[in-house]
Amino acid sequence: MNKAKPFCIPKQEVWEAYKRVKANHGAAGVDGQSIAEFEGDLSNNLYRLWNRLSSGSYFPPPVRRVDIPKGDGRTRPLGIPTVSDRIAQMVVRRHLEPILEPVFHRDSYGYRPGRSAHQALSVARQRCWKYDWVLDLDVKGFFDTIDWNLLMRAVRRHTHCTWVLLYIERWLKAPVRMPDGTLVSREQGTPQGAVVSPILANLFLHYTFDRWMQELYPEVPFERYADDIVCHCRSEAQARSLWAALEVRCEACKLELHPQKTKIVYCKDANRHEQYPNQKFDFLGYTFRPRSAKNQNGELFVSFAPAVSDTAATSLRQRIRRWRLHRRNDLALVDLAQWTRPVVAGWFRYYGRFHRSVLCRALRTLDQFLVRWAQRKYRRLRGRCLRAWDWLRRVKARQPNLFAHWISERTVGR
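Every chain's residues receive numbers from 1 upward, in the order its sequence appears when written. Per-residue local features are limited, in this predicted model, to residues with pLDDT of at least 70; the limit for side-chain atom pairs, both in listing and counting, is 80 or more; totals at the level of whole chains, interfaces and linings are taken over all residues. Excluding hydrogens and water, the side-chain values take into account all heavy atoms of the structure.

Under the scheme used here, helices are H or I runs from DSSP no shorter than 4 residues and strands are E runs no shorter than 2 residues, and both carry numbers assigned from the N terminus. Each helix and strand in the chain was counted, giving 16 helices and 11 strands. Seen through its principal axes, the chain has C-alpha atoms that stretch 75 × 60 × 40 Å. Residue exposure (1.4 Å probe, protein chains only): buried if accessible area is under 20% of the type maximum, exposed if over 50%, otherwise partly exposed. Residues counted as buried form 48% of the 414 residues belonging to the chain. We call two residues in contact whenever any of their non-hydrogen atoms come within 4.5 Å of each other. In the chain, 66% of the contacts between residues at least 6 apart in sequence involve partners at least 24 apart. Counting every atom, the chain has about 20800 Å² of accessible surface; 49% of that belongs to carbon and sulfur. Accessible areas in this description were obtained via Shrake-Rupley with a 1.4 Å probe; residue shielding takes into account the shown protein chains only.

What follows is the structure, encoded as structure tokens:
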């Protein structure tokens, strides 16, 4: 550590930050430099970054704007920092995490070490069985509307580290380079895609929502994954009262609840018989709604449970269609299986945790493309759809582990 520098940032911290950024991969920023290119002169690049951070002369470059398609036809704006900037942000994030983690609420699950979306979904499922009503919250444009003054006030409550405060303020004010090359300045918000944004967003909502709920509505449990929030209520009246109070709270914190997407949901099941227009909600890519289930005796009953959402299932099928497998006659069947296996297995790891049969139905699109592939590949199957499906069934019986979704179908069957 160089004591001549204004800020005491150990070189080891920059190295550890680099290793975490490399593990997360990520696209290039406005400079077009990939992680591989950064590693071409790794020692010098890391030293220059440490030197600028330690001297206070580091100014973040603009953030590259990328619009990611959403399942509803809209897009989600992401801000992609450069590799060097991601490492610098990771240095600050590593400084803040051990300070803030003990402070954060136990039901905050998003972007926190040792916590996952599946944990949030599992807790939500259990609470939907205990509580009849859900208030499904949607904060309108949350990441783009975070108030900087309120955010920095929260940060200063937990750290007085000069360089941490300095660089967070600089990152908040960094301009965005749009796809057409123009630079756009910002006056609020923190870009999705920035390394430091998740912990800052969690801190903002910790004071805006988590602590507020704990103090004023301790009887209402909730699950929060970043700005995706589900509250469990005993009655419709309680849910409406909470909704009204949250609108006032959000306005005070310069946020807004989405008027169309925020809704009250009745968790209807075999033991709940009220009639209510909303009986389902989406949370983390799953749809919670009444579904058929079996009890320990094998008897069917209605349970309020999650499964892959229609929006997520549509997105998966669209990606399969973009593969255009039926045109890959240059590949053998085993090559198609190896090519698709990592993606399909990843889908099952995430979306197959609850009611896997719903995901299996969504992925039948893949079998349809395999049948079309066989009809183009083998002359004897051309124009003979039923015969092609018989061929696929024989392959599935002979090689049941060939494709990732076939393995999962057998698991569901058992």
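Another point: unusual backbone geometry. Backbone geometry places Tyr-111, a non-glycine residue, at a positive phi of 55 degrees. Among the residues examined, Tyr-111 registers a relative accessible area of 44% and is labelled partly exposed. Phi at Lys-254 takes a positive value of approximately 65 degrees, unusual for a residue other than glycine.

Let us now look at the environment of His-158. Tracing the sequence through the fold places His-158 in helix 7 (residues 148-158). Residue His-158 is classed as partly exposed on the basis of its relative accessible area, which comes to 21%. Taking the C-alpha atoms as reference points, His-158 and Leu-100, separated by 58 residues in sequence, lie 7.5 Å from one another.

Quick look at helix 8 (residues 162-173) now. Every helix has an expected span of 1.5 Å times one less than the residues it contains. Given a rise of 1.5 Å per residue, 12 residues ought to cover 16 Å, and the 17 Å separating the end C-alpha atoms of helix 8 matches this to within 8%. Of the positions making up helix 8, those classed as buried are Trp-163, Val-164, Leu-165, Tyr-167, Ile-168, Arg-170, Trp-171 and Leu-172. Each element contacted by the buried residues of helix 8 is listed here: helix 3 (42-55), helix 4 (83-100), helix 7 and helix 9 (197-216).

One bridge is not enough; two strands pair if DSSP finds at least two bridges between them. Taken in spatial order, the four strands of this open sheet run 6-7-3-8, and their pairing is antiparallel. Each edge of the sheet is formed by a strand with only one pairing partner; in this case those strands are strand 6 (222-225) and strand 8 (263-266). Neighbour-to-neighbour, the strand axes of the sheet open up by a mean angle of 20 degrees, direction not taken into account. Where strand 3 (residues 133-138) lies against strand 7 (residues 228-233), six bridges are found, and the strand directions are antiparallel. Angular values range over 0 to 180 degrees, each being the angle between N-to-C directions of two axes fitted as lines to C-alpha atoms, with helices fitted over their stretch in contact.

Site definitions follow a grid-based scheme: protein atoms alone, a 1 Å grid, a 1.4 Å probe that fits but cannot get out for cavities, and for pockets an open set with protein on both sides within 12 Å along at least five of seven lines, plus lining residues having an atom within 4 Å of a point. Grid points are joined across faces, edges and corners, and a volume is the space filled by probe spheres set on the points. Per the counting criterion, the structure on display carries three cavities of 30 Å³ or more. Lining the largest cavity we find Val-63, Gln-89, Trp-171, Leu-172, Thr-190, Pro-191, Ala-194, Val-196, Ser-197 and Leu-200. In terms of residue class, the lining of the largest cavity is made up of seven nonpolar, three polar and no charged. In this structure, the second largest cavity spans a volume of roughly 50 Å³. Taken together, Leu-137, Val-139, Leu-205, Thr-208, Phe-209, Ile-229, Leu-246, Cys-250, Leu-255 and Leu-257 form the lining of the second largest cavity. Secondary structure elements with two or more residues in the lining of the second largest cavity: helix 9 and helix 10 (236-252). The greatest single-element share of the lining of the second largest cavity, amounting to three residues, is contributed by helix 9. Partitioned by chemical class, the residues of the lining of the second largest cavity number nine nonpolar, one polar and no charged. Note on residue categories: nonpolar means Ala, Val, Leu, Ile, Met, Phe, Trp, Tyr, Cys or Pro, charged means Asp, Glu, Lys or Arg, and polar means any other residue, Gly included.

A separate point is the packing of aromatic side chains. Two aromatic rings, drawn from Phe, Tyr or Trp (for Trp, its six-membered ring), form a pair once their centres lie within 6.5 Å of each other, and the interplanar angle then sorts them: stacked below 30 degrees, edge-to-face above 60, tilted otherwise. Scanning the entire structure with this criterion turns up 23 aromatic pairs. An angle of 45 degrees between the planes, with centres 5.6 Å apart, marks the rings of Tyr-47 and Trp-50 as tilted. Of the two residues, Tyr-47 and Trp-50 are both situated in helix 3; the distance of three residues between them amounts to about one turn of the helix. Directly above the aromatic system of Tyr-109 lies the positively charged group of Arg-115, at a separation of 5.5 Å from the ring centroid. Whether a charge lies above a ring is judged from NZ of Lys or CZ of Arg, which has to be within 6 Å of the ring centre and within 35 degrees of the ring normal. Sitting above the plane of the Phe-59 ring, Arg-170 keeps its charged end 3.7 Å from the centroid.

Moving on, we get to the side chain of Arg-291. Residue placement: Arg-291 occurs in strand 10 (residues 286-294). Although Arg-291 lies buried, it forms no salt bridge, and the closest oppositely charged side chain, Asp-310, sits 6.7 Å away as judged by the N-O distance. N or O atoms within 3.5 Å of each other form a polar contact, as long as, within protein, one can give a hydrogen and the other can take it, and as long as residues adjacent in sequence are counted only when both atoms are side-chain atoms. A distance of 2.8 Å separates a polar side-chain atom of Arg-291 from the backbone oxygen of Thr-287. Arg-291 has contacts with Phe-301, Val-302, Ser-303, Ala-305, Pro-306, Ala-307, His-355 and Val-358, leaving out every residue within four places of it along the chain. Here the positive residues are Lys and Arg and the negative ones are Asp and Glu; neither His nor the chain ends is included. Throughout this description, the term salt bridge denotes a Lys or Arg side-chain nitrogen within 4 Å of a carboxyl oxygen of Asp or Glu.

Taken as a whole, the second largest pocket spans an internal volume of roughly 310 Å³. Along the walls of the second largest pocket sit 13 residues, with Leu-150, Arg-153, Tyr-207, Thr-208 and Arg-249 positioned nearest its centre. Elements with a contribution of two residues or more to the lining of the second largest pocket: helix 7 and helix 9. The biggest single contributor to the lining of the second largest pocket is helix 9, with seven residues. Broken down by class, the residue content of the lining of the second largest pocket amounts to seven nonpolar, one polar and five charged.

Any two cysteine sulfur atoms lying within 2.5 Å of each other are counted as a disulfide. Overall, the coordinates contain zero disulfides when judged by the stated rule. Unpaired in terms of disulfides, Cys-231 finds its nearest cysteine sulfur in Cys-233, a separation of 6.3 Å.

Attention now goes to the sheet that holds strand 10. The strand order 9-10-11 describes an open sheet built from three strands, whose pairing is antiparallel. Two strands in the sheet have a free side with no partner beyond their single neighbour: strand 9 (281-283) and strand 11 (300-308). Within the sheet, the average angular offset between the axes of one strand and its neighbour, ignoring direction, is 50 degrees. In terms of strand pairing, strand 10 meets strand 11 through nine bridges, oriented antiparallel.

It is worth stressing that arrangement in space is one thing and function is another; only the former is reported here.
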